[in-house]
Number of protein chains: 2
Amino acid sequence: MARLKTEDRRKNIIDEAVKIIHKQGFEALTIRELAYRVNVTEPAIYRHFENKEDIILSIMDRMNEFDEELNRHIESVKGKERKIAELINFHFLFFEKNPEITSIIFSEDIFRNGKSLPDKLLSILTHRRGIICKVLEDAKRSREYQGLSSCNLATIILGFIRLVVLRWRLSGFAYSLVESGNSESKTLLKLIYNYGKQLKI
Amino acid sequence: MARLKTEDRRKNIIDEAVKIIHKQGFEALTIRELAYRVNVTEPAIYRHFENKEDIILSIMDRMNEFDEELNRHIESVKGKERKIAELINFHFLFFEKNPEITSIIFSEDIFRNGKSLPDKLLSILTHRRGIICKVLEDAKRSREYQGLSSCNLATIILGFIRLVVLRWRLSGFAYSLVESGNSESKTLLKLIYNYGKQLKI
DNA sequence: TTTAAGTTAGTAAACACTAACTTAAAAGAT
DNA sequence: ATCTTTTAAGTTAGTGTTTACTAACTTAAA
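On a predicted model such as this, the values are computed, not experimentally measured, just so you know.

Definitions and cut-offs
- Residues numbered from 1 in each chain as written.
- Chains lettered and ligands numbered in written order.
- Predicted model: local features only at pLDDT ≥ 70, side-chain atom pairs only at ≥ 80, totals over all residues.
- Heavy atoms only, no water.
- Near = heavy atom within 4 Å.
- Polar contact = N/O pair within 3.5 Å; in protein donor to acceptor, adjacent residues only side chain to side chain.
- Helix = DSSP H or I, 4+ residues; strand = E, 2+ residues; numbered from the N terminus.
- Nonpolar A, V, L, I, M, F, W, Y, C, P; charged D, E, K, R; others polar.
- Contact = heavy atoms within 4.5 Å.
- Buried area = accessible area lost by both parts, 1.4 Å probe.
- Salt bridge = Lys/Arg side-chain N within 4 Å of Asp/Glu carboxyl O.
- Least-squares fit on C-alpha atoms with pLDDT ≥ 70 in both.
- Buried < 20%, exposed > 50% of the residue type's maximum accessible area, 1.4 Å probe, protein only.
- Domains from an automatic or database assignment.
- Phe/Tyr/Trp six-rings, centres within 6.5 Å; stacked < 30°, edge-to-face > 60°.
- Axes fitted to C-alpha atoms, helices over the stretch in contact; angles between N-to-C directions.
- Left-handed = near helix turned anticlockwise from the far one by under 90°.

Attention now goes to the protein's contact with DNA strand D. Around DNA strand D, the surrounding shell holds 23 residues, and the nearest of these are Arg9, Thr41, Arg47 and His48 of chain A together with Lys52 of chain B. At the protein interface, 54% of the atoms of DNA strand D within 4 Å belong to sugar or phosphate. Taking threonine 41 of chain A, its main chain carries an N or O atom lying 2.7 Å from a phosphate oxygen of DNA strand D. Elements that contribute at least two residues to the surface near DNA strand D include exactly helix H1 (6-24) and helix H3 (42-45) of chain A together with helix H2 (31-38) and helix H3 (42-45) of chain B. Considering only residue class, the surface near DNA strand D consists of ten nonpolar, five polar and eight charged.

Attention shifts here to the interface of chain A and chain B. With 43 residues of chain A at the interface, the matching set in chain B holds 43 residues. With both sides pooled, the region where chain A packs onto chain B buries about 3,700 Å², and carbon together with sulfur makes up 62% of that total. Interface area lost by chain A to chain B is led by Arg112, Ile156 and Leu191 of chain A, which between them contribute 16%. Here chain A and chain B share two salt bridges between them. With its nearest N and O atoms 3.8 Å apart, the salt bridge here joins arginine 169 of chain A to aspartate 109 of chain B. If you look at where chain A meets chain B, you find ten residue pairs in polar contact (both at pLDDT 80 or more). Among the secondary structure elements, those contributing two or more residues to the side of chain A that touches chain B are H1, helix H8 (117-141), helix H9 (150-170) and helix H10 (177-200) of chain A. Across the side of chain A that touches chain B, the residue classes tally to 18 nonpolar, 14 polar and eleven charged.

Now for the relation of the copies chain A and chain B. In the superposition of chain A on chain B (RMSD 0.0 Å, axial shift 0.0 Å), the rotation amounts to 180°. Here the copies are linked by what is in effect a two-fold axis. Identified as the residue of chain A closest to the rotation axis by C-alpha distance is glycine 159 of chain A, at 2.1 Å. The fraction of interface residues of chain A whose copies in chain B are also interface residues reaches 100%, indicating that both copies meet through the same surface.

As a further point, take the environment of arginine 10 of chain B. Residue and element names in this part refer to chain B. Topologically, arginine 10 is positioned in helix H1 (residues 6-24). The partly exposed category is assigned to arginine 10, whose relative accessible area is 29%. Along the chain, arginine 10 and lysine 80 lie 70 residues apart, while their C-alpha atoms are 39 Å from each other. Arginine 10 has contacts with His48, Phe49, Asp54 and Ser58, leaving out every residue within four places of it along the chain.

Attention now moves to the domain arrangement of chain A. Residues and elements named next belong to chain A. For chain A, the assigned domains read domain 1 (6-60) and domain 2 (62-200). For domain 1 and domain 2, the distance between their C-alpha centroids amounts to 28 Å. The interface of domain 1 with domain 2 comprises 14 residues on the first partner and 17 residues on the second. For the pair domain 1 and domain 2, the summed buried area comes to about 1,400 Å², and 65% of that belongs to carbon and sulfur atoms. At the boundary of domain 1 with domain 2, the tally comes to one salt bridge. In this structure, aspartate 15 engages arginine 62 in a salt bridge whose closest nitrogen and oxygen atoms are separated by 2.7 Å. Here domain 1 is connected to domain 2 by five residue pairs in polar contact (both at pLDDT 80 or more). Within the residue set of the side of domain 1 that touches domain 2, elements represented by two or more residues are H1 and helix H4 (52-61). Counting residues per element, the side of domain 1 that touches domain 2 draws most heavily on H1, at seven residues. Its residues assigned to classes, the side of domain 1 that touches domain 2 shows eight nonpolar, two polar and four charged.

Another point: the protein's contact with DNA strand C. Around DNA strand C, 23 residues are found, and the nearest of them are Arg3 and Lys52 of chain A together with Arg9, Arg47 and His48 of chain B. For DNA strand C, the fraction of atoms within 4 Å of the protein that belong to sugar or phosphate moieties is 54%. Within the side chain of arginine 3 of chain A, a nitrogen or oxygen atom sits 2.7 Å from a base oxygen of DNA strand C. When contributions to the surface near DNA strand C are tallied by element, the ones reaching two or more residues are helix H2 (31-38) and H3 of chain A together with H1 and H3 of chain B. The residue inventory of the surface near DNA strand C, partitioned by class, reads ten nonpolar, five polar and eight charged.

Bringing the side chain of arginine 169 of chain A into the picture now. Relative to the elements of secondary structure, arginine 169 of chain A occurs in helix H9. Among the residues examined, arginine 169 of chain A registers a relative accessible area of 13% and is labelled buried. With sequence-adjacent residues up to four places away left out, arginine 169 of chain A is seen in contact with Thr102, Ser103 and Ser107 of chain A together with Asp109 and Arg112 of chain B.

What follows covers the packing of aromatic side chains. Residue and element names in this part refer to chain A. Here the structure, examined in full by the defined rule, presents 14 aromatic pairs over all chains. For the pair phenylalanine 94 and phenylalanine 95, a centre-to-centre distance of 5.9 Å together with 80° between the ring planes defines the contact as edge-to-face. The class of phenylalanine 94 is buried, set by a relative accessible area of 9%. Given the relative accessible area of 1%, phenylalanine 95 is considered buried. Ring geometry for tryptophan 168 versus phenylalanine 173: centroids 4.8 Å apart, planes at 85°, classification edge-to-face. Classification of phenylalanine 173 by relative accessible area gives partly exposed; the value is 29%. Among the aromatic residues, those joined into a cluster by ring pairs are Phe66, Phe90, Phe94, Phe95 and Phe106.

The subject of this paragraph is the packing of H8 of chain A against H9 of chain A. All names here are of chain A. It is the contact of H8 with H9, at a shortest axis distance of 9 Å, that shows an interaxial angle of 115°. Crossing of H8 against H9: the hand is right-handed. Packed against H8, whose contacting residues are Arg129, Ile132, Cys133, Leu136, Glu137 and Lys140, the element H9 presents Ser150, Cys151, Leu153, Ala154, Thr155, Ile157 and Leu158 at the interface. Looking at the contact of H8 with H9 residue by residue, the classes come out as eight nonpolar, two polar and three charged.

The following block contains the structure:
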């Protein structure tokens, strides 16, 4: 059996764990299934993780992938005009390219049990919301939109994105999220961008 | 042991099942826990339900409670002016009054496994979306709003509501959903209602 | 007396995990 | 470069508990 250093094996295990959740649902994430997918025996898993909760905490850390990309995106649109449209599009692009991560990001019930999972989840979601609010404040400062509360707008935008993604997931990822999502978002963008124009009159 | 007719016992069992999911999460819904809560032994459960999946299908039927109330609400606002605002408020009122049902309605992953669960879920969600679209078409016909696609608007509104409710749930139902939700929805209503006004100019 | 709901006493399988043993790979010695 | 020792990753062989569920028996209610 080819041995991996614990760093690499941990990544290998979490990669497979995410795949299992994505394809079969959280209930299928057993140590047995995981060991099978990783091609080691069950006890080998415990060489790298203390227990199952430890594994799930590491799965949650995968959400950081998204947050990192989100921050990169935010840096890349500084100075651009339609930051909101770009932000929405970024979400759809990212998720379409990484469907597996939607099985973690949009499945709050997975992380409900355990000692430290709920707190960690709340912290992650709060932090991300903060990022979006800041983007919207930036957009507001550069007059991309006016007269609206940034954080309330964040709720509208994020809620919209979540539902569009959920429908895509429930369809079995059966169509292009980017096309469908951006088509639907025209209405939301219309509302936001034209609200500013109306206020100018 | 006081015996109930199967009709009553089934209701008793599903009531308790919903409570378990709400308080402890889906994972806690074992036949053992359920029997304990109902005050019968495990095999007694099987007098009334074929198997666990049968139980879960019946839990899903509880979503009909909401849809029935939704239809009642729709009937009661016919002819009124701000149907959209009323609709959003209805959601928050209903969920605040029935927090347990949010543990079913907003937990798609629960219903992921099993032979018939995913299809049933999709059917329920599609049907409900259809209802909301119709309400919005009605509102459009009575010029409550203009220039927007009803179904895209439904996505925006439903997505918003879902996220507001999710945050309430994650807070441990720690504040008034009606107050908080309606406060946040002012921005969305502003967008929708003012868009119509802008088009008139 | 009959029926149907409830019980006791299991069943097979799965679950998360441990202890002791094995061995591949890295580190150290020559 | 080669050999030896050490380390850490992987294995076999379990453990105790829980899970969904069944068969046969009991009993409340019609």
